[in-house]
Structure formats: C-alpha cells, structure tokens
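One letter stands for each residue in the lines below.
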Amino acid sequence: MNSKKWFATLVMSSMLVMPLNGITAEAASTTATGSYNLDFHTASYTEKTATLDGKTIKYRAYEKIVYVKHPVDTQYEIMNIYVPEQYYEGKSIGSYNADNAPIFFPNAIGGYMPAEPDSPGQGMGGGDNAALIALANGYVVASPGARGRTATTGKAPAAIVDLKAAVRYLRYNDSVMPGDADKIISNGTSAGGALSALLGASGNNADYEPYLTELGAADAKDDIFAVSSYTPITNLDQANDAYEWQFNGINTYSKLEISTDTDYHIQRKTVQGTLTADQIQVSNDLSAMFPAYLNSLNLKDADGNALTLNSDGTGSFRDYIQSLVIASAQKALDNGTDLSDKSWITISNGKVTDVNYDQYLAYLGRMKTPGAFDALDLSAGENQLFGTATTDTQHFTQYAQDHSTVEGSSMADAQTIKLMNPMNYISTSGTDTAPNWRIRFGTKDSDTSTAVSAMLALDLQNKGYNVDYALPWDVPHSGDYDLGELFTWMAGVAGGSTVNATVPVADQSTTTGGMNMGGGMTGEAGAPDDSGTDNTSAPSGTSTTTGSTTSPSSNTSTAPTSATTTATAGKATVKINSKTATLASYNIAGSHYVTADDLATALQATDKAFTVAADSATGSISLTSTTASSASTSNTTSSNPTRSAKASTAKASVTVDGKQVQVTAYTIQGTTYLKLRDLAQALDVNLSWQSATRQLNIDTTTSYSAEQ
C-alpha cells in the first residue's frame with residue numbers, strides 16, 4: 001500500500017468539479033466506448049456533514065459508482081463510497097488514517113431482492129445507522145447495491161457476483177483511494193447476512209469467474225478480511241430439512257406472507273393455521289433426512305467432542321444448540337432480565353441450570369410450513385431466486401422436485417445451487433476464506449433453523465477461523481441491534497479502536513448471549529422492530545445529514561436488558577389507518593418507547609381506542625378497551641421528551657382488559673415509557689415500516705404481525 005495514498009488522493013480530488021449533487025452514474029463513469037470506467041480517480045463527490053452525539057462528522061460522498069464495465073442493471077450494480085474528510089487532510093481518527101482505515105462494506109439486501117446501496121444517516125429504528133457510526137469511528141464506508149430475484153437478470157448467482165465485483169473494484173483502486181482494501185469487513189442481515197457469509201467463504205474461487213468476466217469486473221481479488229452476518233438465511237439446499245428437524249411435531253403455525261409492490265416495498269400479513277396430514281408427513285420426511293447431512297460435516301465443539309445426531313433427531317448436536325440457549329438466557333439474567341415468567345427455564349441461585357428444549361421450541365413457535373424454503377408449490381421466495389430468465393421459479397432440492405405439486409416443474413442446475421451455499425467453499429482449494437467472523441442469530445428467530453447458523457459457525461471454527469458466535473436473548477429475525485458490540489469486535493480484529501460509537505460501549509447493554517467461539521429469506525433486511533423516527537431537529541445521540549437524502553439501513557433492535565441505558569428523544573411520524581399522527585417517543589437501541597397515555601390519545605378515534613389507569617404505588621398500568629370517540633386521531637402527543645436521558649428498566653405490570661401482557665418498560669425522568677411494538681402486540685394492531693416514506697404504519701383493522 002502506498003504510504004502517501006492520502007496525498008495522492010488529495011491531488012487527484014482537487015482536480016474534480018464539486019459539488020455535483022445531481023450527477024448520475026452514467027455521466028460520472030461512462031467512457032468513449034460506452035463501457036464504464038473503473039478508475040476511482042474519475043469519480044466525482046459531494047462534501048457532506050452529519051451530526052452524531054452533538055459532533056459534526058464531515059465526509060466525502062462518492063455515490064452511484066458503477067463497479068463493473070458492463071453492468072446489466074445500473075439501478076443496482078452501483079456502490080456508494082464515503083470517506084472521512086480528515087483523511088484528505090493527512091489526519092487520523094483514533095488509530096486509523098488514509099492508509100490503514102478498514103473498509104466497512106454493509107449491504108442492504110433483504111429477501112434476496114434487488115437492493116440499492118445504503119448511506120449514512122438514520123437507521124430504521126430511528127437511531128444512527130451502521131454506516132454513519134462507521135464513518136465516525138474512522139472507517140471508509142463502501143455500500144454496494146446488487147441485483148435480486150424479482151428480475152430475470154437477478155436470479156442466482158447474480159447477487160453474490162455483484163458483491164464480489166464491488167469488492168474487486170475496491171481492491172483494484174486500493175492505491176488511489178483512502179482505506180485498506182486488505183481489511184474489508186462485510187455486514188448484512190437475513191438474505192444480506194447470507195450473502196455476507198457467502199462473500200467471506202468463497203473469496204477468489206474460480207467458480208464465479210465466468211460471471212465476473214461477463215460483467216467486466218475489475219482485474220483484482222475478491223476475498224475479504226472479516227464477515228458480520230446477522231441471522232443468515234443460508235445453506236438453502238439443506239434449510240428445508242433443518243427447519244423440520246427443529247420444528248417437527250409443532251403442528252400449528254403463524255405464517256408470515258410476504259408480498260411486494262412494483263418498488264419492492266414489502267407488505268406482510270400473518271396467517272394462523274394448523275398443518276394438514278400431508279404437511280405433517282412432509283415434515284416427518286424432511287426431519288428424518290437432516291441427521292445424515294449434519295453427521296457428514298463431522299462437526300466438533302470447542303473441546304473436540306463430536307457433534308452428531310441420531311436417526312430420531314436427538315444427540316450431541318441438539319444438546320449443543322440447547323447449551324447455546326442456556327448461555328443466552330444466563331447472559332440475559334446477568335443483565336437484569338426477568339425470566340420468571342418462562343416456566344421452561346430452571347434457575348437456581350442466579351444460575352440458569354436447564355432449559356426444557358421442547359418447551360422452548362413451543363415458545364419460539366413455527367413460522368413456516370414444511371417446504372419452508374423450497375416450497376412444493378414453488379411459492380417460496382427462494383424458488384424465485386433459483387429461477388432463470390425464462391422460468392421464474394424452480395426447485396433446488398431433490399425432495400421438493402420429486403414431490404412437487406406443480407405440473408412440469410423444473411430443478412435448478414447443480415452448479416447454481418452450489419454457488420449459493422457458503423458451506424461448499426469454506427477452506428477449499430483455490431479459495432481464500434475470510435479469517436474473521438461474527439455471526440448472530442436470535443433465540444426468538446424462527447425464520448430458519450438455529451442449526452443453519454450453528455453449522456456455519458462450527459464448520460468455520462473447526463477449520464481454524466476466528467469465530468464469534470452467539471444467540472442474543474429473545475431477539476427475533478433482525479440485525480444491527482448491537483452496533484456498539486459490533487464495532488468493538490471490528491476494532492479488535494482490525495487492530496484499531498472504537499472512538500465514536502453512537503452509544504458508548506460501556507452504556508450499550510444488549511441482549512447478546514452465547515458461546516464465544518472466537519461472532520428469508522422471508523422478510524427484508526433489518527425489518528424494523530418499531531421504527532420510523534423522523535427527527536426534525538438533531539437531538540443529542542441522533543444524526544442529521546446535509547447534502548443528500550439518507551436512506552434507512554437494516555437496523556433492528558431489541559430493548560437492552562441492563563438496569564440503566566441511554567434514551568434519545570424523537571418524534572415518530574405514524575400513519576394510523578388513513579391519518580397521520582406524530583408520537584413523541586424515546587429511542588432505546590433502535591426501538592421506540594411511548595407513554596400509554598400518548599398512544600391512547602393517538603388511537604382514540606379508532607376501533608382500538610382504550611383508556612389508561614395507572615397506579616404509581618404498585619407500578620400497574622391498566623388499558624381498557626372503549627368505544628371510539630368522535631374526535632379525529634390526534635396528531636399531537638402530550639409528553640415532551642428532552643434531548644436525551646438516562647433510562648432505567650421498570651417492572652411495570654401492564655394489563656389489557658384485565659389480562660396480563662408482557663411489555664418492556666423503562667422509567668425516564670419519572671415517567672414510564674413502554675415499548676411500542678410490545679403495545680401493538682398486546683392491543684392486536686399491526687405495526688409496520690414503509691421504507692419509501694420512512695413512516696411507521698399502525699393498522700388497527702389488521703391483527704398484529706411480527707416484523708421478521
């Protein structure tokens with residue numbers, strides 16, 4: 001690496017015309033021959049600022065850079081690159097400078113659908129997103145877009161090929177742009193987490209070369225330094241079997257049906273049901289197939305003990321998964337979480353000594369019907385992923401093809417299936433697998449089997465890689481909920497320091513728990529827990545960005561479980577049925593917390609109107625259904641949160657029409673604030689996020705649907 005890189009970049013950038021706010025990818029990158037120029041020094045930029053914890057972050061934004069010479073779709077095969085301004089002044093941020101700053105590589109892919117690049121700003125949870133925090137900590141941020149399954153040109157392996165091409169662009173330009181391309185750290189959630197893992201597992205493997213050559217990818221390597229993968233929907237050709245191994249015998253389900261509009265905005269609807277006799281037979285068949293695959297991996301725990309399954313699905317691997325759940329519960333207990341309502345957890349003298357695993361699975365609940373990923377009727381999103389330009393959906397497992405209910409169904413070719421599974425590439429000949437891994441999968445996640453992430457983590461660990469794997473307690477299908485811990489881990493593996501995390505590491509109490517091993521498809525990346533804060537000002541602890549419109553990242557959080565944390569104020573723009581309201585709220589780790597009175601005021605004209613009675617002596621809060629008032633839905637709320645405040649966990653006893661409900665609560669400046677998503681579930685109203693308008697939707701006419 002050129003030790004004078006920052007100076008060379010400064011000289012080149014000084015020759016560019018700026019600002020160019022309206023410049024397009026085509027105008028910035030095309031050459032006389034019609035192909036795209038892959039030289040970074042030809043890219044234009046704008047100077048931007050953001051506010052983080054009251055501090056101004058200055059950076060240069062190189063946006064909509066086409067990263068291949070012959071793109072198929074320039075809406076998605078583009079990358080946004082953001083560089084701290086200090087690096088053009090020869091300065092450092094903490095231990096990083098223009099030469100050695102790692103490159104943070106977050107994707108916004110969800111559901112294997114097309115995704116545009118992310119940008120620094122607010123996350124979906126209302127807090128600062130990972131890209132902005134990365135800039136504040138001295139990282140160069142390079143967020144790639146990628147094609148997806150809904151387009152004929154976005155079928156497998158298009159998305160992973162695009163991510164590899166973006167990495168090659170960064171490596172190709174390493175000598176002329178700030179940042180160390182030998183330290184690229186990928187981050188993603190759900191399908192994005194799966195692709196982050198696949199990118200890290202398959203570095204420089206020749207199987208992808210024909211696709212990269214066709215696109216005109218840069219002549220460079222595509223291996224990366226580290227992988228951050230939240231809830232990866234991966235190992236798809238074994239995912240059907242793994243899911244039924246975990247949920248076989250649980251015959252009721254709460255299925256999340258996904259649909260999209262023409263802009264790929266995800267619509268969700270929960271369907272309750274019971275498996276038919278035919279579906280139960282399919283579950284039995286698939287469950288029985290999983291032990292053979294698991295045993296073929298020859299996995300071992302940290303002590304070298306073999307992890308296997310018997311033909312009936314029991315065995316040391318199942319015990320290992322149970323031990324991860326126990327470790328997660330212990331971490332939550334140590335952080336102050338009340339677990340007394342979970343009768344399936346045994347606690348003695350402050351220690352979690354056992355978890356009834358079958359009862360835990362019943363608590364977790366089945367979300368998908370058998371054929372969860374390769375659906376027998378070709379209805380799963382992954383069936384579309386493995387389609388072709390002429391056949392929209394295909395099977396990718398032999399069982400599904402043999403039992404297909406669709407006449408004339410076809411099966412994806414074996415090579416394409418291989419290209420999408422990281423397990424096929426870890427430490428194989430001709431492959432440079434990333435040395436550092438952080439994998440998170442929540443104990444309340446039923447989008448895929450816990451076995452999927454566990455097998456990935458164990459296989460990596462067994463082959464000598466540095467793996468940090470944990471199951472955060474009671475976290476559903478989500479990502480970026482523990483950014484303080486993520487950036488601490490990144491600094492540790494990259495040899496730097498965390499200097500500017502949005503929530504100080506010491507104060508950011510998360511619900512992570514699990515065994516340190518050295519850390520859907522359905523649903524979009526980082527589907528918000530309860531999100532959509534749109535602050536009109538810049539309160540401490542939140543961010544604003546000038547010069548561009550920021551887009552949300554996958555930032556989904558659960559409530560911290562420590563006694564005290566930091567809450568930041570905001571105003572959530574909410575559409576309640578057809579009317580818009582503003583809810584004053586506090587944001588804690590990406591989740592909105594509101595007062596019961598404010599929500600009651602907002603819902604007073606709906607069929608879910610309720611009154612509030614609170615007893616300060618006992619800490620009880622009683623919500624009682626009432627008839628809708630004739631008044632319009634209130635567009636204001638009475639509470640007036642200050643810019644930021646300390647929040648202490650509160651053991652509020654909340655009832656709805658006399659029935660006890662579980663609601664996470666915090667006391668902030670003497671007032672009890674309740675988690676909005678928990679209230680939505682308790683009141684049975686649907687709470688969702690509209691990414692196009694950055695708006696929270698409350699639909700009182702539709703039953704509650706968990707954001708997965």
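Just so it is clear, the structure is predicted and the values come from calculations on it, not from any experiment.

Visitor: Teacher, can you tell me more about the overall build of the protein chain here?
Guide: Scanning the protein chain from N- to C-terminus turns up 17 helices and 26 strands. Across the 708 residues of the protein chain, 60% fall into the buried class. Within the structure as shown, the protein chain displays about 24,800 Å² of accessible surface, and the carbon and sulfur contribution to it stands at 47%.

Visitor: Just to check I follow, could you spell out the confidence of the model for the protein chain for this structure?
Guide: Regions with low pLDDT carry predicted coordinates that are not meant to be interpreted in detail. Chain-level statistics for the protein chain give a pLDDT mean of 84 and a share of 79% at 70 or above. Note on residues 9-28: pLDDT under 50 across the span, and 34 contacts to partners over four residues away in sequence or across chains. Throughout residues 631-637 the model reports pLDDT below 50, and contacts reaching past four residues in sequence, or to other chains, amount to 24 contacts.

Visitor: What exactly am I supposed to notice about the nonpolar core here?
Guide: The tendency in soluble globular proteins is for nonpolar side chains to be buried side by side. Ranked by size, the top nonpolar core spans 146 residues in total, and within it Ile81, Leu170, Phe290, Phe317 and Trp437 carry the most contacts. If you tally residues by element for this core, the top one is helix H4 (residues 158-172), at nine residues. Of all hydrophobic cores here, the second largest spans 29 residues; its members include Ala596, Leu603, Ala652 and Ala665.

Visitor: What am I meant to see in the packing of helix H7 (residues 236-247) against helix H8 (residues 277-296) here?
Guide: Two measures define how a pair of helices packs: the angle their axes make with one another and the distance between the axes. In the contact formed by H7 and H8, the axes pass within 7 Å of each other and the chain directions differ by 105°. Classed by the angle they form, the pair H7 and H8 counts as roughly perpendicular. Residues Gln238, Asn240, Asp241, Ala242, Glu244 and Trp245 of H7 touch H8, and the partners they reach there are Ser283, Leu286, Ser287, Met289, Phe290 and Tyr293. Grouping the amino acids of the contact of H7 with H8 by side-chain chemistry returns six nonpolar, four polar and two charged.

Visitor: What's the story with the pattern of salt bridges in this structure? I'm lost.
Guide: Side chains carrying opposite charge are able to pair once their charged atoms draw close together. Throughout the structure, instances matching the rule amount to 20 salt bridges. Residues arginine 168 and aspartate 222 are paired through a salt bridge, measuring 2.9 Å at the closest nitrogen-oxygen approach. In this pair, arginine 168 is assigned in helix H4 and aspartate 222 in the loop between helix H6 (209-215) and strand E7 (226-230), connecting sequence segments 54 residues apart. Assigned by exposure class, arginine 168 and aspartate 222 land together as buried. When the shortest N-O distance is used, the salt bridge between arginine 438 and glutamate 485 registers 3.7 Å. One end of the pair, arginine 438, is in strand E12 (residues 436-440); the other, glutamate 485, is in helix H15 (residues 483-494), with 47 residues separating them in the sequence. Of the residues examined, glutamate 485 reaches a relative accessible area of 24% and is grouped as partly exposed. One salt-bridge network, held together by shared partners, links Arg438, Arg440, Asp468, Asp482 and Glu485.

Visitor: Got a minute to help me understand H15 in this structure?
Guide: Every α-helix winds through 3.6 residues per turn, so residues three or four apart in the chain are directed the same way. Between its first and last C-alpha, H15 extends 16 Å over twelve residues, near the 16 Å set by a 1.5 Å rise per residue. Most of H15 is tucked away: nine of the twelve residues are buried. When H15 is considered as a whole, its buried residues turn out to be Leu483, Gly484, Leu486, Phe487, Trp489, Met490, Ala491, Val493 and Ala494. Considering only its buried residues, H15 is in contact with strand E4 (102-106), helix H3 (130-136), strand E6 (180-189), E7, E12 and strand E13 (466-470). Looking one or two residues beyond H15, the residue adopting positive phi is glycine 495, at roughly 80°.

Visitor: Sorry if this is basic, but what is going on with the sheet that holds strand E19 (residues 620-625) here?
Guide: Sheet strands pair via backbone hydrogen bonds, and the direction of the pair is either parallel or antiparallel. Here four strands make up an open sheet; going across it, the order is E18-E19-E21-E22 and the pairing mixed. Taken across any chain shown, the strands that pair with only one partner, and hence form the sheet edges, are strand E18 (610-615) and strand E22 (659-661). Averaged over neighbouring strand pairs, the angle between their axes works out to 25° when direction is ignored. Here six bridges tie E18 to E19, and the two strands are oriented antiparallel to one another. Residue pairing in the sheet places alanine 614 in a bridge with isoleucine 621 of E19.

Visitor: What is the right way to read the packing of H7 against helix H14 (residues 450-462) from this model?
Guide: Packing of H7 against H14 leaves a shortest axis separation of 8 Å and a crossing angle of 120°. Classified by the interaxial angle, the pair formed by H7 and H14 is oblique. Across the interface between the two elements, Ala242, Trp245 and Gln246 from H7 touch Thr450, Ala451 and Val452 from H14. Its residues placed into classes, the contact of H7 with H14 shows four nonpolar, two polar and no charged.

Visitor: Looking at this structure, how should I read unusual backbone geometry?
Guide: Note on backbone geometry: most residues besides glycine have negative phi, and most peptide bonds are trans. Note that the residue after alanine 156, namely proline 157, is joined by a cis bond; omega there is 10°. Positive phi values are uncommon outside glycine, yet lysine 64 reaches one of about 60°. Mapped onto the elements of the fold, lysine 64 is located in strand E2 (residues 55-66). Since its relative accessible area comes to 45%, lysine 64 is described here as partly exposed. A positive phi angle, close to 60°, is found at aspartate 474, a residue other than glycine. Locating aspartate 474 in the fold gives a position in the loop between E13 and H15.

Visitor: Teacher, can you tell me more about the packing of aromatic side chains here?
Guide: Working definition: an aromatic ring pair is given by the centre-to-centre distance plus the angle between the planes. Summed over all chains, the structure comprises 19 aromatic pairs. Measuring from centroid to centroid gives 5.7 Å for tyrosine 139 and phenylalanine 487, while their planes differ by 70°, and the two rings are edge-to-face. Note that tyrosine 139 is positioned in the loop between H3 and strand E5 (140-144) and phenylalanine 487 in helix H15, a separation of 348 residues in sequence. Both residues of the pair, tyrosine 139 and phenylalanine 487, count as buried. Clustering of aromatic rings is evident, with ring pairs tying together Trp344, Tyr357, Tyr360, Tyr363 and Trp473. The cationic tip of arginine 60 hangs over the ring face of tyrosine 88; the distance from NZ or CZ to the ring centre is 3.9 Å. Residue placement shows lysine 444 over the ring face of tyrosine 363; its charged tip is 4.8 Å from the ring centre.

Visitor: What is the right way to read helix H10 (residues 357-364) from this model?
Guide: Of the positions making up H10, those classed as buried are Tyr357, Tyr360, Leu361 and Leu364. All buried residues of H10 fall inside an arc of 100° around its axis, so they share one side. Opposite the buried face of H10, by more than 90 degrees, sit the exposed residues Asp358 and Ala362. In this structure, the buried side of H10 is in contact with H7, helix H9 (316-334) and strand E11 (351-355).

Visitor: Explanation requested: the pairing of E4 in the structure shown.
Guide: The side chains of a regular strand alternate between the sheet's two faces. Within E4, five of the five residues are buried, leaving the element largely enclosed by the surrounding structure. Along E4, one buried face is formed by Pro102, Phe104 and Pro106 and the opposite face, lined by Ile103 and Phe105, is buried too. The pairing of E4 with E6 spans five bridges and is classified as parallel. By the bridge assignment, proline 106 is partnered in E6 with asparagine 187. As paired elements, E4 and E5 share two bridges and run parallel to each other.

Reading guide: rules and limits
Residues numbered from 1 in each chain as written. Predicted model: local features only at pLDDT ≥ 70, side-chain atom pairs only at ≥ 80, totals over all residues. Heavy atoms only, no water. Helix = DSSP H or I, 4+ residues; strand = E, 2+ residues; numbered from the N terminus. Buried < 20%, exposed > 50% of the residue type's maximum accessible area, 1.4 Å probe, protein only. Areas by Shrake-Rupley, 256 points an atom, 1.4 Å probe, with all protein chains shown as cover. pLDDT = per-residue confidence, 0-100. Contact = heavy atoms within 4.5 Å. Core = buried A, V, L, I, M, F, W, Y, C linked by side-chain atoms within 4.5 Å. Axes fitted to C-alpha atoms, helices over the stretch in contact; angles between N-to-C directions. Parallel < 35°, antiparallel > 145°, perpendicular 65-115°, else oblique. Nonpolar A, V, L, I, M, F, W, Y, C, P; charged D, E, K, R; others polar. Salt bridge = Lys/Arg side-chain N within 4 Å of Asp/Glu carboxyl O. Expected span 1.5 Å × (residues − 1). Pairing = 2+ DSSP bridges. Phe/Tyr/Trp six-rings, centres within 6.5 Å; stacked < 30°, edge-to-face > 60°. Lys NZ or Arg CZ within 6 Å of the ring centre and 35° of its normal. Arc of directions from axis to C-beta.

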